[in-house]
Amino acid sequence: MFKLLIVDDEAFVVDSLGDTLPWEQIGVTAVFKAYSGFEALDILKTNSIDIMITDIRMPGMNGLELLEQVRRSWKRIKCILLSGHAEFTYAQQAIQHNTYEYLLKPISDEDVLAKVKEAVDLLQKEREENQSYLQVVRAFEENLPKLRGELLNEMLQGRKYASQRLMEKLDSLKMSIKTDEQFAFMLVRLEGPMLDFDFYSLSLMEYAIVNMAEEISGEYFQLWSSKDVHGYMVFLATVSPDKQAELAGAPDKGMAILEEQLDLMGSQLQLNVNRYLKGTVSVLLNKWGSFPGDVQKLYQDSLLSLRRRIGNQSELLVYVADEIEQLGVQSLQKLYEPPHIIHLLESGNWEVTHEKLTSILNELSMKWADSQEHLIEVFFSVYASFSSFAHKNGRELADMIGPGLSEVSGLPACRSIATLEQWIFNSFRQLQQGMENETRNDREGAVRKIQLFVQKHLVEDVSLQAIADHMYMHPVHVSRVYKLETGENLSDYVLRLKMELAASLLANGALKNYEIGLKLGYQNPNYFIKVFKKYYFVTPQEFRLRLEEGD
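This section reports on the structure supplied with the text.

Analysis parameters
Residues numbered from 1 in each chain as written. Predicted model: local features only at pLDDT ≥ 70, side-chain atom pairs only at ≥ 80, totals over all residues. Heavy atoms only, no water. Pairing = 2+ DSSP bridges. Helix = DSSP H or I, 4+ residues; strand = E, 2+ residues; numbered from the N terminus. Axes fitted to C-alpha atoms, helices over the stretch in contact; angles between N-to-C directions. Phe/Tyr/Trp six-rings, centres within 6.5 Å; stacked < 30°, edge-to-face > 60°. Buried < 20%, exposed > 50% of the residue type's maximum accessible area, 1.4 Å probe, protein only. Lys NZ or Arg CZ within 6 Å of the ring centre and 35° of its normal. Expected span 1.5 Å × (residues − 1). Contact = heavy atoms within 4.5 Å. Parallel < 35°, antiparallel > 145°, perpendicular 65-115°, else oblique. Nonpolar A, V, L, I, M, F, W, Y, C, P; charged D, E, K, R; others polar.

Right, let's get into the sheet that holds strand β7 (residues 221-227). In space, the five strands of this open sheet follow the order β7-β8-β6-β9-β10, with mixed pairing throughout. Since the sheet does not close on itself, it has two edges, and those belong to β7 and β10 (317-319), each with one partner. Each strand axis lies, on average, 20° off the axis of its neighbour in the sheet, ignoring direction. Direction of pairing for β7 relative to strand β8 (residues 233-239): antiparallel, over a ladder of seven bridges. If you follow L223 over to β8, its bridge partner there is A237.

What follows is about the packing of aromatic side chains. Considering all chains together, one arrives at 21 aromatic pairs under this definition. Taking 6.1 Å as the distance between ring centres and 20° as the angle between the ring planes, the aromatic pair formed by Y383 and W423 counts as stacked. One end of the pair, Y383, is in helix α15 (residues 372-392); the other, W423, is in helix α18 (residues 417-456), with 40 residues separating them in the sequence. Taken as a pair, Y383 and W423 share a single burial class, namely buried. An aromatic cluster is defined as three or more aromatic residues linked by ring pairs; in this entry it consists of Y522, Y527, F528, F532, Y535, Y536 and F543. It is K243 that lies over the ring of Y220; its NZ or CZ is 4.6 Å from the centre. Geometry around Y522 places K498 over its ring, the cationic atom sitting 5.2 Å from the centre.

Taking 1.5 Å per residue, 16 residues should reach 22 Å; helix α11 (residues 295-310) reaches 21 Å between its end C-alpha atoms and fits that length. Here α11 has its buried residues at V295, Q296, L298, Y299, D301, S302, L303, L304, S305, L306 and I310. The inward-facing, buried residues of α11 abut α6 (144-156), β6 (182-191), β8, β9 (280-290), β10 and α12 (333-336). A positive backbone phi angle near 55° is found at G311, which sits one or two residues after α11.

What follows concerns the sheet that holds strand β5 (residues 101-104). Ordered in space as β2-β1-β3-β4-β5, the five strands form an open sheet in which the pairing is parallel. One side of each edge strand has no neighbouring strand; the edge strands of this open sheet are β2 (28-34) and β5. With direction set aside, neighbouring strand axes in the sheet form an average angle of 20°. In this sheet, β2 lies alongside strand β1 (residues 2-7) in parallel orientation, the contact comprising six bridges. Paired with L4 across the two strands is V31, which belongs to β2.

Running from N to C, helix α14 (residues 350-367) and α18 cross one another at 175°; their axes reach a closest spacing of 11 Å. Relative to α18, α14 is oriented roughly antiparallel. On α18, the residues that touch W350, T353, H354, L357, T358, L361, L364 and S365 of α14 are I417, L420, E421, I424, F425, F428, L431, Q432, M435 and E436. Here the contact of α14 with α18 is composed, by residue class, of eleven nonpolar, five polar and two charged.

Everything listed here is a matter of coordinates, which is why it stays silent on function.
This is the structure:
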């Protein structure tokens, strides 16, 4: 598995180490011998060496000079310096050359084997970690289309990202789209028998359509695909860099060419789906916008056009080139864009949930304060989120916010925006307080269990790991919960109980000081005396004398 090179100008040393030790037992499958630094370099150039043992003092090229060259060309090799010279200067130079180990002659065969075995284990670990890293990279590459689709879907639903953060995410997903770059949407709705496919068959069909669309887009467009919450396939099309440069000289003519090519792409996709997949799709092509500011707006316009211009008809191709008629009544954006209220509640992020509710009410106040329907829409949406959260915690909503707030008959909360705001935040505070009380009760129960365990096992094993095993918790979590609830470190609590027990045991003249220390788990009597004195400011013996004197 691993290859070893032994370098020394004394042939008997090289032969003895190379021929007599059981290298195979520690994972070394090949041993190479060199009797000078120059010969070692020749072997290194023609063989994949993993570990090298070299002497320092050799004629022509000494071991340190060899190490310097190895570090320049073969950085991963683990180098063990073997020498009979104990001068510190050698060790310093060895450290500078990142030597794995520095050993002094004479050294036993067992020690040499042990050191090489440590190097083998380290190399094996590095290989496994590198393999794990490569597996992660492969998994990431395989899931890139899915991750890209999830990001686009978040943006379609209104998720906002800071400009720098969005660019970082796009870069990590190997996306080349830039701020203010022009794009157009193509929505594809699967129809007919394809709607009855099982999940696996439908996924294969969608995969095939994505491949078809990318092939058809050809030299003009780059496509970013996703599947939205309605089951539509969404393609965000940007102009390829080559065509951007080609069309830059004549913007008007270039836009006409792009619209023609976009229309051709949509019609060709319909034909290919019908011809090769025996299915039907409707395609809607939207006007151009600027990334990322127009993403959600153009997507919502596309959905509106799809509902109005395609409806229940099938196998249609619609190109929306004109402006969408401004609707007299619109939906509340903040209410439905992610993150949603129920998800924030489930995450326990009360501060962000409060901000989300505030933003919803602000939008309502600015645009639809006099709309009874919008008031009722917000009320029932928030009420549903609160109810779902209560039910997922095994409670009725009335138990968490009280019967007065949970009563919906007559919809008193919807009389005005002021009454709605009052109901939302009163109910929210009751939910938060109820959950925090439950959390506090859980912590108090956990602390009581910890203290009972410590008291019961004080003269046994009360290490943090033992307590964590008893509580079925991670040790760090045990420590944090105890500190959060009591304000005292768990280790300080254990120490306090041990010192109090030590003080009571010192009153028993039959027990010697070291016996008390052993009883409390202190194997070293001197350490017990040191800990006791630090706690009581006197030694155990001084404490015992004071007890005897009645002080």
